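Structural overview
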Amino acid sequence: MSDSENNGGDRSADTHELSTLAAPEWPVIDSVAEYDTGWFTGGYDLVEQPDGSTKRYYWAELPPATVIVAVTDGELLFVEQYRPTVRETQYELPAGIVEPDESFTEAAARELQEEVGFKPGETELLQDFWCSTGLLRHRRGIVLATELTPAERTLDSNEFLVPKSVPIEEALSVARAQPTNDATLEGILLAKENGILSD
């Protein structure tokens with residue numbers, strides 16, 4: 001059964017409020033969720049295009065995520081993590097999924113403590129945006145965390161992370177070194193643009 005039969009083609013009732021979809025500019029004839037893994041949902045919208053033709057636009061829907069730019073004592077906090085999906089170990093900014101009752105900043109504070117063992121005194125949302133909009137329904141927030149104090153780490157059962165710290169002036173070059181990823185580069189470039197990181 002298609003989702004449109006359940007809720008008129010609007011799947012936003014099933015998603016985090018941070019990921020609510022806008023009203024479509026092109027008519028959505030049908031919205032179908034073909035599979036649900038518990039981690040992400042995959043499906044398509046049957047859309048009427050401006051020339052009157054119709055096309056299936058496939059999507060994968062994931063919960064929103066927070067990415068943390070954590071600064072303390074002139075250093076930026078990273079985690080070293082193996083990513084089985086791409087089969088590489090990467091230096092990344094701490095990050096995680098935003099729970100249904102959380103904001104980007106609340107999730108950032110929780111994830112920073114869980115992954116790295118620091119509790120922020122201040123958090124600020126630098127930017128939030130949609131990711132990989134040709135395929136994904138996934139929203140990301142970049143959060144600045146400062147005034148850090150040590151706290152107990154509480155990793156999830158599938159998290160095998162090694163906390164690292166990098167001098168602020170080296171953060172961009174570390175982030176650009178291969179292998180790298182979009183979230184880390186985005187976070188560091190936004191921090192640099194906002195004057196948080198200096199050369």
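Everything that follows concerns the structure shown earlier in this document.
None of these values were measured; they are calculated from a predicted model.

Let's shift gears to the pattern of salt bridges. Summed over the entire model, instances satisfying the criterion amount to 9 salt bridges. Arg 137 is paired through a salt bridge with Asp 45; the nearest N and O atoms lie 2.6 Å apart. Here Arg 137, found in strand β9 (residues 136–137), pairs with Asp 45, found in strand β2 (residues 41–48); they are 92 residues apart in sequence, far enough to count as distant. The salt bridge involving Arg 83 is made with Glu 92; its shortest N-O contact spans 2.9 Å.

Turning our attention to the packing of aromatic side chains. Scanning the entire structure with this criterion turns up 3 aromatic pairs. Aromatic side chains Tyr 35 and Phe 40 sit 6.0 Å apart centroid to centroid with 85 degrees between the ring planes, which places their arrangement in the edge-to-face category. On the basis of relative accessible area, Phe 40 is assigned to the partly exposed category, the value being 25%. Looking at Lys 55, its charged tip hangs above the ring of Tyr 57, at a distance of 5.8 Å from the centre.

With that settled, consider the nonpolar core. Residues Val 69, Leu 76, Leu 93, Ile 142, Ile 188 and Leu 197 are the most contacted members of the largest nonpolar core, which totals 20 residues. No other element matches helix α4 (residues 182–193), which puts 4 residues into this core. Apart from the residues lying within four places of it in its own chain, the contact partners of Leu 93 are Val 67, Ile 68, Val 69, Leu 76, Leu 77, Phe 78, Val 79, Ala 183, Thr 184, Gly 187 and Ile 188. Counting 14 residues, the second largest nonpolar core, distinct from the first, contains Ala 70, Val 79, Leu 112 and Ala 145.

Conventions and cut-offs
- Residues numbered from 1 in each chain as written.
- Predicted model: local features only at pLDDT ≥ 70, side-chain atom pairs only at ≥ 80, totals over all residues.
- Heavy atoms only, no water.
- Salt bridge = Lys/Arg side-chain N within 4 Å of Asp/Glu carboxyl O.
- Helix = DSSP H or I, 4+ residues; strand = E, 2+ residues; numbered from the N terminus.
- Phe/Tyr/Trp six-rings, centres within 6.5 Å; stacked < 30°, edge-to-face > 60°.
- Buried < 20%, exposed > 50% of the residue type's maximum accessible area, 1.4 Å probe, protein only.
- Lys NZ or Arg CZ within 6 Å of the ring centre and 35° of its normal.
- Core = buried A, V, L, I, M, F, W, Y, C linked by side-chain atoms within 4.5 Å.
- Contact = heavy atoms within 4.5 Å.

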